[in-house]
Structure formats: C-alpha cells, structure tokens
Amino acid sequence: MSRKHESAEGHVSGSAIYTDEQHPPSGLLSLWPVQSPHAHARVLAIDTTAAAAMPGVVRVLTAADIPGENDTGPILHDEPLIAAALVSYHGQPVAWVVAEDEAAARAAAGCVKVNYEALPACLSISQAMVEQAFHLPPARVARGDAATALDCAPQRVCGEIAIGGQDHFYLETQASWVQLDADGLIQITASTQHPTETQIIVARVLGIPSNRVVCRCLRMGGGFGGKETQANPFAAVAALAAWTTGRPVRIKLSRQLDMQLTGKRHPFFARYEVGFDNDGVLQALRVQLYADGGWSADLSPPVLMRAMVHIDNAYFCPHVEITGLIAKTNLASNTAFRGFGGPQGMLVGEEVIARIAAELNLPADLVRERNFYRDDGDGARNHTPYGQPVVDNHLPSLWRQLKSGSEFDARRRAIAQFNAANTHSKRGIAITPVKFGISFNKTEYNQAGALVHIYTDGSIQLNHGGTEMGQGLHTKMLAVASRVLGVDTARIRVMPTSTDKVPNTSATAASSGSDLNGQAVKAACETLRDRLVPVAASMLGCAPEAVCFADDRVFAARQDDRDEAISRAASHAPFTATVGPNVDGVDAPLEATIIDEREVELGLSIPNPSWETREPEPQTLTGLPFTEIVHAAYNARISLSATGYYRTPGLSWDPKQGRGHPFYYFAFGAAVSEVEVCGFTGVHTLRRVDLLHDVGDSLAEAIDRGQIEGGFVQGLGWLTCEELRWNDQGRLLTDAPSTYKIPTLGEVPRDFRVELFRRSRVPSTQVIFNSKGVGEPPLMLALSVREALREAVAAFASLPQPVHLSSPATPEAIFTAIERARATQPQAVADALDVDA
C-alpha cells in the first residue's frame, strides 16, 4: 500500500523542527571543544585561566568537573567523556568551553593552554596487527573441519582485501539541547537513535538515577547508525554544562567537528583461503577478519560478529572457519553504520566468489548460482555456519525473475561485442545477491513498547520507542494503528519519542524498527479495540464477534462477509459486506475493509455495561461513527489508554560458541549493474541498475522504494567514491565535503529500475502484517557495481585473470587495476612469448 511520508510536507517546506531549530529558552548557552593536536599523548597540565576571563565565557569544563563516572562506553567502560590523563585520538576533547554563544566559546577554546607528552600512535590495522594491539580476544564462527577440507579440495586459492570505512554524512550533525526543569529533572532533546541509552549515559556521567533524566527525540536529519551510541557523549557534555551552570545548554557540531569527533563505518582487512571443486562449488573456507575499532570498543564487538556471520551471504559452504579481531588504533572510535558489519562481511564473500570464477574462467553469476543456499529436503545445504536454517528462501525465484526482467544474458552478449570493438573503453555487467539477517545480534535488544491514548473526541495519540530519522518509521506506525483500529490516519498523532512515555527502549537500528515497534503498537491498539468491541456490540445489537472497525466507523457484518474480507487482506481490496440480520431480518450492503484474521478474534465481555443497547434501525445499518463508540466507552468508565509490548520470539545466540538463531528472518534481494570504464582515467559511468528486493507485504510502498534507492546509492558511495584519509599524525584529512566525496546526481544510475518482489507464499514468521525490514539490506545491492567494475577491468586484459580491485574503487584505484591487468602477463601468454623468442 502506498503512503506518503508523514513529514513530507514539513521536510520540503522547512517547517519540520529539528533539535537545534527549537525556540531557544532564555539564557541558552553554547559549547565548543578544546581538541588535542596529538593522536596519542599524556595530558600533563591544563590552564583555563585566560579562556575563562574572555568575554561571554561562563565556564570551562574539564574531567575534574564530572560528578559521576567519566565514561560513555555503551559496552565496555573504556570511553572517557573528557580526556583526563591520556589522549587517544587526534582532536579528542580535553576540555569544553561553555559560553553565551558559539562564537565566544570557539574563540575561548583557542586560549586554553594544554601541555602534552606525545606518545607513539597506532594508526592502521596493519600496524595493530604487527603490535598485536586488539581490544578483545578473537571471536570465532566455525563449522566442520576447514583445515582438512582445504587440504582435500581439488582447487585452492588464497587472497586478501582491505576495505575502507565511510562517514555517515547525515544532513543534521550531532545536536543536543539540555536544561534542568523546576523539579531538578534533566530534560534532554537530542538527535539520537537510542533515547534510552542517552538517558542512561547522561545519568551515569552526572551520578544520578535514570528517573531524573528524560530524553526525547523530535526527529533526526539522518542517522544511519551514527547516532546510535555516538549521540551520547554530546548529550552528556551538554547535560554536564547545564548541571554545573544551572542554565540551558545547546551543542550542534559543525560539519568539520562532526567528522573529526565521530567514528565511521569500520575499515576491515581480510585474509582468506578457499577450497572448491572444478565446477566452482565451495568446499571449505577459512577467513581472518580484522576490524578497525578505533580508540575505544564502542559497538565494535557486535559489528565484527555480524560481519563474520554475513561472509556467507547467500552461499552454502560445508566447512568454515572464521576468526575476527578488533584492532585498537588511535583514531576516532568506529561505530554502527547501516548494515552494521554485514556489508564488509558480504564484500569478502563476493571477493571469494569472484576469485573462484576467475580461477576457473567461469561466469561469476554461474558460480554464485551453484553455491546458493537451497533446501533439498534433507536440510544439508540450508544451514548457515552458525547453525541457523535459511527458511522462506525466496532467492532462487527472485534471482531468476531479475535475470529475465533485466535481460541479463542478452546484455552480457552485447557488452562482449562492445568490448571487442573498443580498446580504451570497456563495459561490465554483474548480478549479485543479498541475504541479510534481521534482528539485533544482542537478543535482549529485540523488544519494544508503545503507549496509545484515545481521547473522547475520537482523536488518538500514539507513542512508541522508535525514532524517526527520515526513514518513515512514524509513517509505518500510523499505518499499523490505522489498520488495527479501522480509522483514518488523520485521526492519529504520533508524538516525539520520549523516555518518560515509553521506557527501556532499544535503538532504532538493525532494520527492526518497524518489526519491533509495529508489533508493540499493534498490541496496544488491539487492547483498546477489544475494550471497545462489547460496547459496539451492545449498541449495534450484534454478537461481539460480528463487530468490525473500518473507515472511521464500527459496524456488524455477517460471518461470510468477514471471511471474504480476510481473504482480501493482502491486497487491501474493498469488499461488499452485508450488515445483519437485524431485528427485522433485513440485510443491507456496506463497503468496508478487514485487514487480518487475528483482528476479528474478539469477544471481550464487560460486566454490567452502563450504556443502553440500541436496536438497529434501517438508517443505522451503515454502522456507527468511531467517535460515538469511544464516547460511550468513556461514559461506561472503560480505559481508553493502553500499553503494548513485544519481544521477538525464537532468538538465541552464544557469542562464545559463535552459534545460535540470532535472526528472526532473512531479507533477500538481488541487483544487476552495468558500468562503462574509461581506460585513460579509471572514471566509470553507471549506465543502468536493476534492483529486485523482497520487502514482504509492504506497509508503505513509497517509503520502501525510497529506502531501497537510498540504500543502494549510499552503498555505491562506500564502494566507489567515499575515501577516508589520515596524515602521519593521525589527523583526518577528509573532514569536509570539499575533500570527502559523497555520491551526487552524476554518480547515480542513468537508468535506475526498482521493483518489489512479490512472494508466492506466506512466510513462516509472524512479522508485522507480513512486511519485512528494509533499512539496511538494500545497501548491499551496490556490491553489484563493484563486481561490474571488476568485469570491465578484466576486459582490458589480454587473457582471463583475477582482478584485484581496491575498496573503495575510486577512479585512481580502477586505473591502477586496469594498468595491472594490462601489464600482468598470464602464464600462458608468458610461455607463448618465450617460445616466440
């Protein structure tokens, strides 16, 4: 069903209010950091005298001013809010200036004098590997006997790949406003994906209980994982400033500060060894993964683990051994980013498949198909290395549909003809799959709550624990509440997410925002609807099980009409219901829609109702207004407020063993990309992209299509143009749009085709209205671009050979790969030249 974004008009008109666009309270102060010029150093002394005396300066905060714990680490307590004795990355704040305005704070920050003792810094994964600098012991996921299977495999190759990071580059940078209210409560408005964790961290820093901190999120101008944990330090320092000054405080980072102070998508390094047969079928795989965690652990442990359990992507391998380590470097602490390690793991998997195809001189799509997970009846090829079965696997049919619809084979033949006729320009085409697990790695995060109020005028207020960052979560929650209560969305108001309305929430992340919060909203609305049913049944003069809610009205329908409505639920098709029989034996037609069989399993009885049973009259056979039923329930002293709660069933995970059932289901998709590469410059053009993605029964098609398109383009940026660079002192050089290139209109496909896959069978899992999470999986569809570039580069070689392509595949990297392909003589060519000589 297509729905527009609930804030679309606000977004395009500029009327949507974000954290730093609120009406400023009286006496609002601003913050600016004092940053370290070293990546690793001891802090010997801090002199704030000159800065404190400057006009407009209210206070200079150091670690000594923190009344609670000087730590904001979400997993390990290894992340000081303000550096005290040791600096761990270039630009790390050692103090914060609090002033009447940002300009005064910034000027004073330059006058704070700090003495340092510089220390050796670790600035790369390779250096961390040499120095054995890691945050935690190695993690492991394994199945079978990889060592023996590798020794026995008919074919065996090894390789390695370095994978670059990515800045979140959300439109709205990190921002928080904090003030103490009259009761001494800390009131936070933050651009955060995890209000509950922000509440917890602020309480930790101030040394107070969480019930004295309220955190709310109006909306975010993008998050992509970068505001899951890394919003917390900025809310905490603003809270510290408000606590010490007694005045409201704001912080809104400049783009440069945001890029310097916040972590990125984790860079990875992988070494692999793969065994396979002469048809390209996987026999064994051994991988060592290294993630650059930065100076603190942050979310690196679950990011690494998700990478490890997504190396398989859509491919079965009987013998697997994957080990992972988190490098401890003197760089900003890397963090969650759309895909949460999954993209890096899947890139390694696709690198392995491409290498096998090149070694055997087979089409890469054929090798991919031969290795797909599939259910042959005995379950031998449909279990992941960590022990979870791959159920509801639509990928084979989705793959066939995309290959046919994109005319993949015909276009590949045409590309071969083009390449034969052109020496300095080559084209490539590739198709790649996506299998992505949906749920939080950490089982306890898979829960959500909601709070719904119905007011006596029939208007509805909806609170849930998810946050809106432009992805359309609120729009989907409106759809859920509307469907359950049978009312128009105009009747419902979604409130800003707040910890005093819905406590103990999980982050809006892991592509589970709609799954978790949607079920919680559904539960709350079902509770309210069930309370209204006996009221409506008495007023309509029908049995409770005959009551239906639709089109802002409540009516009684015959059972056969209800069965017909249920059968049309998936398509939302209207049906003609017959109301009755009434007391006069009259049947009358009515247009209505019923959504879900579970929605009509009613029958709650209320003892001694205070309303009068109404005998239906012919003119009332079209039902009663929703508002009238609500008002009658209020008069009968029936609660019109309800909470909802949901926890995902059937999940388990043992991180020590690397085994379990961590995902509720898998999202599937596939992409075909066609590129053209210039042999003189390495610049490429993305000629056409075809995406086919399974979103289940979409709650809002326009929203889901936007997520697919946006995710693909963000993945395109990570893989082709977004390159992070640091100098030898650990200073980030690419800290502005002028030096860090995100995709623009020129990079997006000239021909961009997106389709939603229509499933032929009902899934085995009870996801909200049979929809599927769509936030992260589409990003991995961009791997098809990387593989198409590999095919184009390979066309420059005289004979087939493996193509080593850096990530990101910038024009420089592509040009280097082309020169290598042209210069490297395959053994057959070298032997022929020796004979001729």
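Just so it is clear, the structure is predicted and the values come from calculations on it, not from any experiment.

A. Highlighting the confidence of the model for the protein. Here the protein averages 92 in pLDDT, while 91% of its residues score no lower than 70. Note on residues 564-621: pLDDT under 50 across the span, and 117 contacts to partners over four residues away in sequence or across chains. Scored below 50 in pLDDT, residues 832-837 makes 1 contact in the model with residues more than four places away or belonging to other chains.

B. Structural context of the nonpolar core. If you look at the biggest cluster of nonpolar residues, it comprises 155 residues, and the most contacted ones within it are Val274, Leu289, Leu532, Phe626 and Phe712. Ranked by residues supplied to this core, first place goes to helix α15 (residues 513-540) with 13 residues. In this view, Phe712 contacts Ser673, Leu686, Val689, Leu691, Pro749, Phe752, Pro778, Leu779, Leu781, Ala782, Ser784 and Val785; residues no more than four positions away in its chain are not counted. Grouped together as the second largest cluster of nonpolar side chains are 58 residues, Ala51, Trp96, Val97 and Ala242 included.

C. Spatial organisation of the side chain of Lys403. Turning to its location among the elements, Lys403 is positioned in helix α12 (residues 395-405). Setting aside its immediate chain neighbours within four residues, Lys403 contacts Asp365, Glu369, Phe408, Asp409 and Ile431.

D. Spatial organisation of the pattern of salt bridges. Applying the stated criterion to the full structure yields 43 salt bridges. A salt bridge links Arg42 to Glu117; the shortest N-O distance between them is 3.2 Å. One end of the pair, Arg42, is in strand β2 (residues 41-47); the other, Glu117, is in strand β6 (residues 113-118), with 75 residues separating them in the sequence. The exposure class assigned to Arg42 is partly exposed, which follows from its relative accessible area of 39%. Close ionic contact of Arg59 with Asp65 constitutes a salt bridge, the shortest N to O distance being 3.0 Å.

E. Region of interest: the packing of aromatic side chains. The full count for this structure, using the stated rule, is 13 aromatic pairs. For the ring pair Phe440 and Tyr445, a centre distance of 5.7 Å and an interplane angle of 85 degrees mean the geometry is edge-to-face. Taken together, Tyr386, Trp653, Phe663 and Phe666 form an aromatic cluster joined through their ring pairs. When the ring centre of Tyr170 is taken as origin, the NZ or CZ atom of Lys227, which lies over that ring, is 4.6 Å away. The positively charged end of Arg265 is found above the aromatic ring belonging to Trp718, 5.0 Å away from the centroid.

F. How the structure looks around unusual backbone geometry. Between Ser807 and Pro808 the backbone carries a cis peptide bond, its omega angle lying at 10 degrees. Locating Pro808 in the fold gives a position in the loop between α19 (783-794) and α20 (811-823). Not every positive phi belongs to a glycine, and Asn313 is a case in point at roughly 45 degrees. With respect to the helices and strands, the residue Asn313 is situated in the loop between α9 (300-308) and β15 (319-328). Overall, the relative accessible area of 0% leaves Asn313 in the buried class. Residue Asp392 is not a glycine yet carries a positive backbone phi of 50 degrees. Mapped onto the secondary structure, Asp392 falls in the loop between α11 (364-370) and α12.

Quick notes on the rules
- The numbers attached to residues start from 1 for each chain and follow its sequence in the written order.
- Selection of residues for local features in this predicted model requires a pLDDT of at least 70, selection of side-chain atom pairs for listing and counting requires 80 or more, and totals for whole chains, interfaces and linings are taken over all residues.
- Calculated side-chain values reflect all of the structure's heavy atoms, with hydrogen atoms and water omitted.
- Known as pLDDT, the predictor's confidence for each residue is given on a scale from 0 to 100.
- Contacts are assigned to residue pairs with any non-hydrogen atoms lying within 4.5 Å of each other.
- We call a set of buried residues a nonpolar core when its members are Ala, Val, Leu, Ile, Met, Phe, Trp, Tyr or Cys and they connect through side-chain atoms within 4.5 Å of each other.
- Relative accessibility decides the category of a residue: with a 1.4 Å probe and only protein chains considered, values under 20% of the type maximum give buried, values over 50% give exposed, and everything between is partly exposed.
- Numbering of helices and strands runs from the N terminus, with a helix taken as a DSSP run of H or I at least four residues long and a strand as a DSSP run of E at least two residues long.
- Should a side-chain nitrogen of Lys or Arg be within 4 Å of a carboxyl oxygen of Asp or Glu, the pair is scored as a salt bridge.
- Aromatic pairing here means that ring centres of Phe, Tyr or Trp (its six-membered ring) are within 6.5 Å. Orientation follows from the plane angle: under 30 degrees is stacked, over 60 is edge-to-face, and everything else is tilted.
- Should the NZ of a Lys or the CZ of an Arg lie within 6 Å of a ring centre and within 35 degrees of the ring normal, that charge is described as sitting over the ring.

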